[in-house]
Amino acid sequence: MPSIQLTHCAPTTARLPTCCRWVNRVANFDNILAATLTLFQISTTELWVDTMYDSVAAVDIDQQPRSGHNPALAVFFVVFMIFGCFFVLQLFIATALEQFAKMHQEKGRNVLLTAQQEEWLTIQRMISDTNLRPRPVPLSRSRWRVAVFRCVTSSTFELLVMAAIISNVLLMALTHADMSQAWQHFMSYANVAFTAFFTVEAAAKLVALGWKQYVEDAWCRFDLVVVLVSVAGVCVDLATPQNLEVLPLLRVLRLVRVFRLIPKAEGLRNLLQTLLASLPALGNIGSVLLLFFFIYAIVGMNLFGGVKHGHFLDRHSSFSNVGMALVVLFRMITGESWNGIM
């Protein structure tokens, strides 16, 4: 896939004039080694679209590339991405999982966990399966407190709270640049209304359950923290007309209220439990990955620590010290300009 570097040539010139010289691209198919490196590069999805368009534009040796000259060549790259990237990646993952399952059967336990971690995981699963949660009871036998208790523990009240949470999140999603003054006032009033609703909800539960039962429930503690943050944000917003730097943070923290939907949504709850159960194994794998990172960071410092900064290696990405080397390696495993750094 040749490209030219023109100096004084007309753009309509078909063949390369004597005043110009060809500058070959790094990603090319000139020989078996270059072709293999190019295919490996695009298998990581790094600049595979640019390489495809360059190939489609190639005309012939010593001829000016033309955009869209041979579009049929795009099929080669699409097919390679399907089989050489996605299919091979899935095959690699399936092979690794099969090997882990085989080792699990041979050893009779999860090979990614230590004995203590597997014991902790078994206990957590037993607790989750038995669903041992204390049932709330009214704090006293007074009629008004019992009425409040029945109200806050009813399914209708829970559905109302869920609808308010979803409405609050959707309203926050309508924030955009260059909002009119009327829309800003509407958003402020709506924020005050939602904050008042959730404050009344927290106060009603506190009255119905009492302080001891209220703080023993993790979701109630979570809700209390979000309510206090929301009230603080409303107070600061109303107290000063200036747009303080802390106000956007206080507004964003209200979004975490959406996590209250997890106990009511079985699918989300199962996903969260699966994530928590995977944390020990992920921690072990992360430790091994960090070890490889550290080794490669030390090697990179010794090999490329004194390389002069350029387009890809600069003060933001270099091997000048361990911290920066770890950042560069993390960037490279995400596929971001790893070939340029190479």
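Residues numbered from 1 in each chain as written. Predicted model: local features only at pLDDT ≥ 70, side-chain atom pairs only at ≥ 80, totals over all residues. Heavy atoms only, no water.

Undergrad: Is there a simple way to think about the side chain of Arg-257 in this case?
TA: Among the secondary structure elements, Arg-257 is positioned in the loop between α9 (246-253) and α10 (266-304). Here Arg-257 occupies a buried position and makes no salt bridge, while the nearest side chain of opposite charge, Asp-223, is found at 4.5 Å. Only 3.2 Å separates the side chain of Arg-257 from the side chain of Ser-230, close enough to count as a polar contact. Ignoring anything within four residues of it in the chain, the contact list for Arg-257 reads Ile-165, Asn-168, Phe-198, Phe-222, Val-226, Val-227 and Ser-230. (Helix = DSSP H or I, 4+ residues; strand = E, 2+ residues; numbered from the N terminus. Buried < 20%, exposed > 50% of the residue type's maximum accessible area, 1.4 Å probe, protein only. Lys, Arg positive; Asp, Glu negative; His and termini not counted. Salt bridge = Lys/Arg side-chain N within 4 Å of Asp/Glu carboxyl O. Polar contact = N/O pair within 3.5 Å; in protein donor to acceptor, adjacent residues only side chain to side chain. Contact = heavy atoms within 4.5 Å.)

Undergrad: Explain helix α11 (residues 322-333) to me, please; I cannot follow it from the model alone.
TA: Because each turn of an α-helix spans 3.6 residues, side chains separated by three or four positions end up pointing in the same direction. With 12 residues, α11 extends 17 Å between its outermost C-alpha atoms, agreeing within 8% with the 16 Å of an ideal straight helix rising 1.5 Å per residue. The set of residues buried in α11 consists of Met-324, Ala-325, Val-328 and Leu-329. Buried residues of α11, seen end-on, are gathered within an arc of 140° and therefore sit on one face of the element. Facing away from the buried side of α11 by more than 90 degrees, the exposed set consists of Phe-330 and Ile-333. Tucked into the core, α11 has its buried residues touching α10 and α12 (338-341). Sitting at the head of α11, Asn-321 places a side-chain oxygen 3.2 Å from the backbone nitrogen of Gly-323. Just beyond α11, the residue with positive phi is Gly-335, at close to 85°. (Expected span 1.5 Å × (residues − 1). Arc of directions from axis to C-beta.)

Undergrad: In this structure, what is going on with unusual backbone geometry? I would like to understand it.
TA: Peptide bonds are, in most cases, trans, and in most cases residues other than glycine have a negative phi. Its identity as a non-glycine residue notwithstanding, Thr-45 has a phi of 65°, on the positive side. Tracing the sequence through the fold places Thr-45 in the loop between α1 (32-43) and α2 (48-57). Owing to a relative accessible area of 42%, Thr-45 belongs among the partly exposed residues under this scheme. We note that Asp-178 has phi near 60°; this positive angle belongs to a residue other than glycine. By secondary structure assignment, the location of Asp-178 is in the loop between α6 (155-173) and α7 (181-216).

Undergrad: Would you explain the pattern of salt bridges in this entry?
TA: Pairing is possible between side chains that carry opposite charge, provided their charged atoms lie close to one another. Enumeration according to the criterion identifies two salt bridges in this entry. Across the salt bridge formed by Glu-158 and Lys-205, the nearest N and O atoms sit 4.0 Å from each other. Of this pair, Glu-158 sits in helix α6 while Lys-205 is found in helix α7, placing the two residues 47 residues apart along the sequence. With a relative accessible area of 18%, Glu-158 lands in the buried category. Its relative accessible area of 11% is what places Lys-205 among the buried residues. Its salt-bridge partner being Glu-201, residue Lys-205 comes within 3.3 Å of it at the nearest N-O pair. Of the two residues, Lys-205 and Glu-201 both sit in helix α7, four residues apart, roughly one turn of that helix.

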